[in-house]
Amino acid sequence: MSNRTFTMIKPDATSKGYTGGILDQIVQAGFTIRAMKWTRLTAEQAGRFYAVHSERPFYGELVNFMSSGPIVAAILEKDNAVADFRQLIGATNPAQAAEGTIRKKYAASVGENAVHGSDSDENAAIEGSFFFSGLEIF
Ligand code: GDP
């Protein structure tokens, strides 16, 4: 079990001014920030990040959305980080997300759903190194 996960605050949430509220909820839930940056993906970079979804019907929409504005990328640490963070953000579709979860509070739709959370320890490591060099992780 890894104690790290990777997250992004997505363009819908940064543009609506939810960055501070989301980061506060993450820290209040016991996660420590080990790396963080405010940046914007090109369509090519978003396409590579989500390459695993390239055959899905929503891939084009996802790439357009994720490159449409700034994001916050971060590596987070906590015991059982991947599973606990998935619980904190809630279901992919905010309509199905549990009360109090980040997606329930801040997400508008299944596509524009405020935050990303890695789905495995392996992907957390791959996604973290997509955004951060060793010099940027503490
Ligand atoms: P996650 O692990 O909860 O983020 O969900 P998935 O790995 O299934 O999907 C990755 C991302 O693709 C989601 O967070 C959404 O932003 C997007 N996505 C998933 N399903 C749909 C959909 O039906 N339509 C659109 N437009 N985007 C979707």
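Novice: Even after reading the chapter, I still don't get a nonpolar patch on the surface, so can you show me in this structure?
Specialist: Taken together, the side chains of V27, I33 and M36 define a hydrophobic patch exposed on the protein surface, amounting to about 230 Å² of accessible area. Relative to the assigned elements, I33 resides in strand β2 (residues 32–39). A relative accessible area of 33% means that I33 is categorised as partly exposed.

Novice: It is not clear to me how helix α2 (residues 19–28) should be interpreted in this structure. Could you clarify?
Specialist: For an α-helix, 3.6 residues make a turn, and residues three or four places apart therefore share a direction. Here α2 has its buried residues at T19, I22, L23, Q25 and I26. Projected onto a plane normal to the axis of α2, the buried residues spread over an arc of 160° and lie on a single side. Looking at the residues trailing α2, positive phi occurs at G30, about 100°.

Novice: Would you explain the site of the ligand in this entry?
Specialist: Close to the ligand lie K10, H53, R56, F58, E61, L62, R86, T92, R103, V110, G111 and N113. Within the side chain of H53, a nitrogen or oxygen atom sits 3.2 Å from an oxygen atom of the ligand. The side chain of R103 places a nitrogen or oxygen atom 3.1 Å from an oxygen atom of the ligand. Surface burial for the ligand is 80%, taken as the share of its 550 Å² of free accessible area covered by protein chains. When atom positions are compared with the pocket grids, the ligand is found to occupy the largest pocket.

Novice: Please clarify how unusual backbone geometry should be interpreted in this entry.
Specialist: Trans peptide bonds make up most of the peptide bonds, and negative phi angles are found at most residues other than glycine. At N80, a residue that is not glycine, the phi angle is positive and equals roughly 55°. Among the secondary structure elements, N80 is positioned in the loop between β3 (71–77) and α5 (81–89). Backbone geometry places A114, a non-glycine residue, at a positive phi of 70°. Note on placement: A114 falls in the loop between α6 (102–106) and β4 (115–117).

The rules we used
- Starting from 1, residues in each chain are numbered consecutively following that chain's sequence as written.
- In view of the model being predicted, local features appear only for residues whose pLDDT reaches at least 70, and side-chain atom pairs are presented and counted only at 80 or more, with totals across whole chains, interfaces and linings using the full set of residues.
- For side-chain calculations, the full set of non-hydrogen atoms in the structure is used, while hydrogens and water are omitted.
- Nonpolar side chains (Val, Leu, Ile, Met, Phe, Trp, Tyr) within 5 Å and like charges within 9 Å form the patches, drawn only from residues with over 30% relative accessible area and no salt bridge.
- Each accessible area value is a Shrake-Rupley result obtained with a 1.4 Å probe; residue values ignore everything except the protein chains displayed when judging cover.
- The salt bridge criterion pairs a side-chain nitrogen of Lys or Arg with a carboxyl oxygen of Asp or Glu, the two atoms within 4 Å.
- Comment: elements are numbered from the N terminus, with helices defined as DSSP H or I runs of at least four residues and strands as E runs of at least two.
- To sort residues, take the accessible area from a 1.4 Å probe on protein chains only and compare it with the maximum for the residue type: under 20% means buried, over 50% means exposed, and anything in between is partly exposed.
- Taken from the helix axis, the directions to the C-beta atoms give the arc we talk about.
- Summary of the distance rule: residues count as near a molecule or strand when at least one heavy atom falls within 4 Å of that molecule or strand.
- Pairs of N or O atoms are called polar contacts if they sit within 3.5 Å, as long as, within protein, a hydrogen donor faces a hydrogen acceptor (for residues adjacent in sequence, only side-chain-to-side-chain pairs).
- Cavity means a closed set of points on a 1 Å grid over the protein atoms alone, one where a 1.4 Å probe fits but cannot get out, pocket means an open set with protein on both sides within 12 Å along at least 5 of 7 lines, and lining means a residue has an atom within 4 Å of a point.
- In this description, a molecule resides in a pocket or cavity if more than half of its atoms sit within 2 Å of the grid points defining it.

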